[in-house]
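These are the residues of each chain, in order.
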Amino acid sequence: DGMGLVTPAAVEHVRNRDFGWYIREYRPDYLMLPHPPRRTTEGFTESDWFRNSYTRRTTIGSQELGSAVDIFERIP
């Protein structure tokens, strides 16, 4: 929950535009993120820490219809 809906600790990070905090903090095994990533909220996918920690396994859905998502897996 990167926006703090059920993870209240995320709220302060979102206010500071640190949208990847929950990933660094909780290190989930899998992530489902919009494809293509939105620069404002998924820009962290371009960062070294993300690329060193996660690999994209597949894209599901239709980018043309605006409903595609990328599935990322944490690198052991």
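Up top is the structure.
In short, a report on the structure. What you see is a predicted model, and the numbers here were worked out from it, not measured in a lab. (Residues numbered from 1 in each chain as written. Predicted model: local features only at pLDDT ≥ 70, side-chain atom pairs only at ≥ 80, totals over all residues. Heavy atoms only, no water.)

## Regarding the overall build of the chain
From N to C terminus, the chain includes four helices and three strands. Each helix and strand of the chain, ordered N terminal to C terminal, gives the series α-α-β-α-α-β-β. Here the chain has a C-alpha radius of gyration of 12 Å; the compact-globule value for 76 residues is 11 Å, and the two agree. Taken along its principal axes, the extent of the C-alpha atoms in the chain is 35 × 30 × 20 Å. When the 76 residues of the chain are sorted by exposure, 33% land in the buried category. (Helix = DSSP H or I, 4+ residues; strand = E, 2+ residues; numbered from the N terminus. Rg over C-alpha atoms; globule rule 2.2 N^0.38 Å. Buried < 20%, exposed > 50% of the residue type's maximum accessible area, 1.4 Å probe, protein only.)

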